[in-house]
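The primary structure of each chain is shown beneath.
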Amino acid sequence: ATTHAKVIIIIMKLAAAAHLLHLFSSLAAVVPTTGQSQQRLVPAASSNIVPQDQHARADKRSLRAEEVRWQTKSSKSKNAKQPETPAETCGMEEGNECIPSMPLRNSVGLRQCLEDKYDPMKEVTILEYLGDAPSKEVLKITFPEKNYADYKDARFSATYGYPRHPAGIFYAEDESEVVGAVDCAREAGYKISPRGRGHSYQGLSNMDGYLVIDMSLVCNPGNFTVSNPGNFTVSEEVKGRPWILGEDQKLLGSIKSGAGCTNAVMLAYTSRREEFAGEKGGIFVIGSCPSVGIAGYATGGGQGDATPWVGLGVDDVLSYDIVLYNGTSVTASATEHTDLYWYLRGGGSGIGVITQLETAIVQSPDPEPGSDRKFTAVFLNYSNEEEKVKKFVKRFQDFLVPDLPFDSMEYKNKIKKGSARFGGGGNIGVEDAPYVSVTQISGHFLGSEKEAREVFDEYGLLDPEILVNSNFIEGNTYGEAQAYLLCSTITGSGGWLTWTATSLPQANVCEDLGIDSEEFCDEIQVAPGFTGRVPKCEEPTVIEAIVNASLKPQSFMNRPGSELLADFSDQLLNVPNPIIRQSLKGGLLLPRLEPDVLLELANIGIAISHLAHGAPTLIAPKDTGYANREEFWLLSFENTDYALKDDWYNRFTSILTNKVYGGDPSKIRGFYNYVNPLGNPNWREYYWGDNYEKLSDIKLIYDETNGFGNPVQVQPAIPGKKKQNEKGGKSGGEYPN
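Since we're looking at a predicted model, the values are computed, not measured. (Residues numbered from 1 in each chain as written. Predicted model: local features only at pLDDT ≥ 70, side-chain atom pairs only at ≥ 80, totals over all residues. Heavy atoms only, no water.)

Q: Summarise the overall build of the protein chain; cite the residues concerned and give the values.
A: When helices and strands are counted, the protein chain shows 22 helices and 25 strands. Evaluated residue by residue, the protein chain yields a buried proportion of 63% over its 737 residues. Pairs at least 24 apart in sequence give 74% of the contacts found in the protein chain among residues at least 6 apart. Accessible surface, the protein chain as shown: approximately 26,600 Å² in total, 48% of it carbon and sulfur. (Helix = DSSP H or I, 4+ residues; strand = E, 2+ residues; numbered from the N terminus. Buried < 20%, exposed > 50% of the residue type's maximum accessible area, 1.4 Å probe, protein only. Contact = heavy atoms within 4.5 Å. Areas by Shrake-Rupley, 256 points an atom, 1.4 Å probe, with all protein chains shown as cover.)

Q: Tell me about the sheet that holds strand β23 (residues 606–611), and name the residues and values.
A: If you walk across this open sheet you meet the 8 strands as β18-β15-β17-β16-β23-β24-β22-β25, and the pairing is antiparallel. In this open sheet, the two edge strands, each paired with only one partner strand, are β18 (467–475) and β25 (669–671). The sheet shows a mean angle of 25° between the axes of neighbouring strands, direction not considered. Summarising the sheet, strand β15 (residues 375–382) and β18 pair through 8 bridges and their orientation is antiparallel. Looking across to β18, one finds that Y382 is bridged to L467. (Pairing = 2+ DSSP bridges. Axes fitted to C-alpha atoms, helices over the stretch in contact; angles between N-to-C directions.)

Q: Can you explain helix α19 (residues 595–602)? Please cite residues and give values.
A: Counting buried residues in α19 gives 6 out of 8 residues, a clear majority hidden from the surface. Considered for burial, the residues of α19 that qualify are P595, V597, L598, L599, L601 and A602.

Q: So what's going on with the pattern of salt bridges? Which residues, and what values?
A: Counting across every chain of the model gives 35 salt bridges. A salt bridge links E177 to K140, with the nearest nitrogen and oxygen atoms 2.7 Å apart. Note that E177 is positioned in helix α5 (residues 175–187) and K140 in the loop between β4 (136–139) and β5 (141–142), a separation of 37 residues in sequence. Accessibility expressed as a relative area gives 13% for E177, which makes it buried. As a salt-bridge pair, E275 and R273 come within 2.7 Å of each other at their nearest N and O atoms. Via salt bridges that share partners, R111, E115, E145 and K146 belong to a single interconnected network. (Salt bridge = Lys/Arg side-chain N within 4 Å of Asp/Glu carboxyl O.)

Q: I'd like a rundown of the sheet that holds strand β7 (residues 192–195), residues and numbers included.
A: One key point about sheets: their strands pair by backbone hydrogen bonds, in either a parallel or an antiparallel sense. Taken together, the 4 strands give an open sheet; going across it, the order is β5-β6-β8-β7, and neighbouring strands pair in mixed fashion. Of all the strands in the sheet, the pair left with one neighbour each is β5 and β7. Note that β5 and strand β6 (residues 168–171) share 2 bridges and pair antiparallel. When the bridges of β6 are listed, I141 appears paired with F170. Relative to strand β8 (residues 211–214), α5 is tilted by about 175°, and along the sheet it contacts β6, β7 and β8.

Q: I'd like to hear about the pairing of strand β12 (residues 317–323), residue by residue, with values.
A: Counted residue by residue, β12 has 7 buried out of 7 residues, so it is predominantly covered. The pairing of β12 with strand β14 (residues 353–363) spans 6 bridges and is classified as antiparallel. Looking across to β14, one finds that D321 is bridged to Q356. When β12 meets strand β13 (residues 329–333), the two strands line up antiparallel, connected through 5 bridges. Residue pairing for β13: D321 is matched across the bridge by T331. Hairpin geometry of β12 and β13 is characterised by an intervening segment of 5 residues between the two adjacent antiparallel strands and by a positive phi of about 90° at G327.

Q: A description of the state of the cysteines should follow, citing residues and the corresponding values.
A: Across all of its chains, the model carries 4 disulfides by this definition. For C113, the disulfide goes to C184, at an S-S distance of 2.0 Å. Taking the torsion about the sulfur-sulfur bond, which here is approximately -70°, the covalent link between C113 and C184 counts as left-handed. Of this pair, C113 sits in helix α3 (residues 107–117) while C184 sits in helix α5; the two residues are 71 residues apart in sequence, bridging distant segments of the chain. In terms of burial, C113 and C184 fall into one category: buried. Covalent S-S linkage joins C510 and C521, the inter-sulfur distance amounting to 2.1 Å. (Disulfide = S-S within 2.5 Å.)

Q: Could you give an account of the nonpolar core, naming the residues involved and the relevant values?
A: By size, the foremost hydrophobic cluster in this structure holds 122 residues, and its most contacted members are F456, L588 and W633. Residues within four places of W633 in sequence aside, it is in contact with F396, Q397, L400, I428, L588, L589, L590, P591, L598, I608, H610 and L611. Of all hydrophobic cores here, the second largest spans 38 residues; its members include V138, A154, I490 and C537. (Core = buried A, V, L, I, M, F, W, Y, C linked by side-chain atoms within 4.5 Å.)

Q: Which residues make up α3, and what values go with them?
A: Turning to α3, its buried residues are S107, L110, C113 and L114. All buried residues of α3 fall inside an arc of 135° around its axis, so they share one side. The backbone nitrogen of V108 lies 3.3 Å from a side-chain oxygen of the residue at the head of α3, namely N106. (Arc of directions from axis to C-beta. Polar contact = N/O pair within 3.5 Å; in protein donor to acceptor, adjacent residues only side chain to side chain.)

Q: Kindly report on the confidence of the model for the protein chain, identifying the contributing residues and their values.
A: Residues with a pLDDT of 70 or more make up 75% of the protein chain, whose mean pLDDT is 81. Low confidence marks residues 234–239, where pLDDT is under 50. Its contacts with residues over four positions away, or in another chain, come to 8 contacts. Here residues 722–737 is a poorly scored stretch, pLDDT under 50, and it has 44 contacts once near neighbours within four places are set aside; other chains count. (pLDDT = per-residue confidence, 0-100.)

Given below as structure tokens:
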């Protein structure tokens, strides 16, 4: 029993680490010199939350009881006339304006509609390995009352969050199937939960009682559309325009891809296209977790190591194809449905089902004359003595965001030559800080090792008085360097355990990658009886194998999950639910702060997930739905036991409220891709600042019944109180049809 208890605790910690891929281990004291990086925190791309005490942990019996209730309700309403449009059904009234509502849910009608249109016995493949491990298939359409085991498999989630119980799950394979499923849900009175890759911090792509439309099969690299400045698929206005940092920043082209693709798919594809790869230096900005879906990433914010140079994920999308709740497919871009385009660039994806995105590919900085283009992984380890940490935070912040007006030419020129070329994350903590007690930075520099050293040295960040040691690893391509960072991140966190086949407790990542495990993997022991072989990330064969696996949309590189590890532990230990599945604490955004305030936070411990300085700060908050442009530090609170996360977060927000925002907590800002549990009365301002009202107006135009709505999501404005947008799209303020 004692051994089992210890193993459970270890597995819980591994599962949390595997999902989050913490930026650095709080126990690490030195930067590795053998090519292994410290741990990196994974961003998750999604939205919205229901707290644990607002829904039961449903089991088979409660699901059957719920189905009986739905059946009873359905039998009374299935013959009733269904409205032709959501606007025909009205709920409460306010100011003599009808507020549209949805018809009664008809579970029998939903199931019958989907099964009439699509083969209910068809299986689809959602998980593949390059080695000999079997693939995983699920039914295209599943309902809990029909077969709970099939339903549970199809509910597959890549993240923590409460065990959710949607009404049904449908795996779409193209846009026409999305339209069909949306029509079925609308006519049966169901809300819809679009699911890209299931990385919601709160498990909300599997929303309770909704129809989940899974988009992970809508990703086929063979069908991507690639454009270049001589052949753009977007408008004349976009052709050849300079990018965010100015005239000398080159836009190489764009890729139009399915919405079910991941960070890893897009990195691998870009690295293999001759228009963008190698010496061309094309960058598709991704986060530090390979399996995060691009749709949630590119609507809630989207941060990664290249963000300071190319912008946020929302800044790089040139167009979105989206299916609305009335079943209409529209394109949102700088010239079509411009209000919807504005909304999607930061307002979240809860306004429709995105089917395709066109994303800009921006070139990395030009190399020095006579030199080849290079990319450098950077690892810096600093002293945690308080006086030295104080010097570090001032120098590092001045490096990231010079104390100049963001809209000044001096500011733009300064960051373009310096900090905009570096992105990453780290930890800042003094000795004996309760949550983070080390000070470390790691990330990706767009340039050679020589250039990186010169830039960091200019700001005193290589000063031996504060620097303990450093490691610079130079690569020839962006894809190669980023794949190395992904590999070392997962290896450093123990995260490979949720990427491997069902071979635990002897997991072998090299076998799953299809390469020789004796030559290219090291054996590790994670607990008594638990061993694994993890890749040697410095080996070119390993990097090549990771890119090959990443290019397959349903490969294990694109479909991990803590749920796999939890299920494994259930079976191995024969203990019901040993891993408590619960929500994760969201991300906090910080602006430029006084060094003394940063030091006070460092005495608690700062865990930096990503840095969004540089290009994102040059875009005005009103220019996109994403408003938090002055806040460039993205912090996480997952590097500790679950019971302590609230204390960590609350101590930070108390300092910010009282010492930064003059006692006004509504000025604190958070990151929508790392959505928090419910409980913040200022959640609208927290995620969207002053942009919420305009977002709400646009939501009313395109999703008036809130058919895609969740508890922490932009809600439709009250009709009659809606203000006309200053630059409305072609919809002209009317519901598109």
